[in-house]
Amino acid sequence: MVTAVQIRLKDAGATRELGRVLGRLLGPGDVVILTGELGAGKTTLAQGLAQGLGVSGTVTSPTFTLIQEHQGRLPFYHIDVYRLEDPEAALELGLEEYFYGQGVTLVEWGERLGELLPPEYLEVCLEYDATAGRRATLTARGQRYARILEELKQIAGPGA
């Protein structure tokens, strides 16, 4: 069973496409944690994921609003915890309702939540290096997400 996949991303379009493919594979209650430095492509991947879920309209980073809800084939909850100084403040956001709801939840800067994260999720770490380019490392935290990575590997081919 695949528990981690690395994918080279040639540009922002490839990052968006990865998100779109993931969005098609995700189901009710799935949680994606996005990590990476500023400018690594987290919001671009979120936009693609929204497309894969059939969300119409503009998807922007909810840095100042913290949570944006969108409707597609499933509800899409886009959360950005960059501005939260204390993980305990996240409790006030009612994250458990999102993590265990019927939609797909994506959390930018999710690593900041620490022990507040659900026990199972898909982590997507985006990295950008001026020499090597963009890279996504997807890590399954749980069997459901390992199966998603298996499907992704079938779609992406031997390069993934």
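Please refer to the structure placed before this passage.
Residues numbered from 1 in each chain as written. Predicted model: local features only at pLDDT ≥ 70, side-chain atom pairs only at ≥ 80, totals over all residues. Heavy atoms only, no water.

A. Broad picture of the overall build of the protein chain. Counting its regular elements, the protein chain contains four helices and seven strands. Helices and strands in the protein chain line up, N terminus first, as β-α-β-α-β-β-α-β-β-β-α. Expected size for 160 residues packed as a compact globule is a radius of gyration near 15 Å; at 14 Å, the protein chain falls within 12% of this value. If you line up the protein chain on its principal axes, its C-alpha atoms span 45 × 30 × 30 Å. Buried residues in the protein chain amount to 52% of all 160 residues. Intrachain contacts of the protein chain at a sequence separation of at least 6 include 66% that bridge at least 24 residues. Within the structure as shown, the protein chain displays about 7,900 Å² of accessible surface, and the carbon and sulfur contribution to it stands at 48%. (Helix = DSSP H or I, 4+ residues; strand = E, 2+ residues; numbered from the N terminus. Rg over C-alpha atoms; globule rule 2.2 N^0.38 Å. Buried < 20%, exposed > 50% of the residue type's maximum accessible area, 1.4 Å probe, protein only. Contact = heavy atoms within 4.5 Å. Areas by Shrake-Rupley, 256 points an atom, 1.4 Å probe, with all protein chains shown as cover.)

B. Structural view of helix H2 (residues 42-52). When you tally the buried positions in H2, you get eight out of 11 residues, the bulk of the element. Of the surrounding secondary structure, the elements contacted by the buried residues of H2 are helix H1 (12-25), strand S2 (31-35), strand S4 (75-80), strand S5 (104-108) and strand S6 (121-129). Among the residues trailing H2, Gly54 stands out with phi positive, at a value near 80 degrees.

C. Looking closely at the side chain of Arg134. Checked against the element boundaries, Arg134 lands in strand S7 (residues 133-141). Despite being buried, Arg134 has no salt bridge partner; Asp11 is the closest side chain of opposite charge, sitting 6.8 Å away. A distance of 2.9 Å separates the side chain of Arg134 from the backbone oxygen of Ala40, its partner in a polar contact. Residue contacts for Arg134: discarding those within four places in its chain leaves Ile7, Arg8, Leu9, Asp11, Ala12, Thr15, Gly39, Ala40, Gly41, Glu127 and Tyr128. (Lys, Arg positive; Asp, Glu negative; His and termini not counted. Salt bridge = Lys/Arg side-chain N within 4 Å of Asp/Glu carboxyl O. Polar contact = N/O pair within 3.5 Å; in protein donor to acceptor, adjacent residues only side chain to side chain.)

D. Fine view of the environment of Ala89. Tracing the sequence through the fold places Ala89 in the loop between S4 and helix H3 (95-99). You can call Ala89 partly exposed: its relative accessible area is 28%. Between the alpha carbons of Ala89 and Leu149 there is a distance of 32 Å; along the sequence they are 60 residues apart.

E. A look at the packing of H1 against H2. Look at H1 against H2: their axes get within 6 Å of each other, and the N-to-C directions meet at 40 degrees. When the axes of H1 and H2 are compared, the pair comes out oblique. Crossing hand, H1 versus H2: right-handed. Residue-level contacts link Ala12, Thr15, Arg16, Leu18, Gly19, Arg20, Leu22, Gly23 and Arg24 of H1 to Thr44, Leu45, Gln47, Gly48, Leu49, Gln51 and Gly52 of H2. By residue class, the composition of the contact of H1 with H2 is five nonpolar, eight polar and three charged. (Axes fitted to C-alpha atoms, helices over the stretch in contact; angles between N-to-C directions. Parallel < 35°, antiparallel > 145°, perpendicular 65-115°, else oblique. Left-handed = near helix turned anticlockwise from the far one by under 90°. Nonpolar A, V, L, I, M, F, W, Y, C, P; charged D, E, K, R; others polar.)

F. Quick look at the pattern of salt bridges. Counting across every chain of the model gives four salt bridges. Of the charged contacts, one joins Glu17 and Arg20 as a salt bridge, the two residues approaching to 2.3 Å between their closest N and O atoms. A residue pair is termed a helical-turn pair when its members lie 3 or 4 positions apart in one helix, as Glu17 and Arg20 do in helix H1 at three residues.

G. View of the packing of H1 against helix H4 (residues 143-156). Interhelical geometry of H1 versus H4 gives an angle of 125 degrees and a closest axis separation of 10 Å. Here H1 lies oblique to H4, going by the angle between them. The interaxial crossing formed by H1 with H4 has right-handed handedness. Contact residues: H1 offers Leu18, Val21, Leu22 and Leu25, while H4 offers Arg144, Ile148, Glu151, Leu152 and Ile155.

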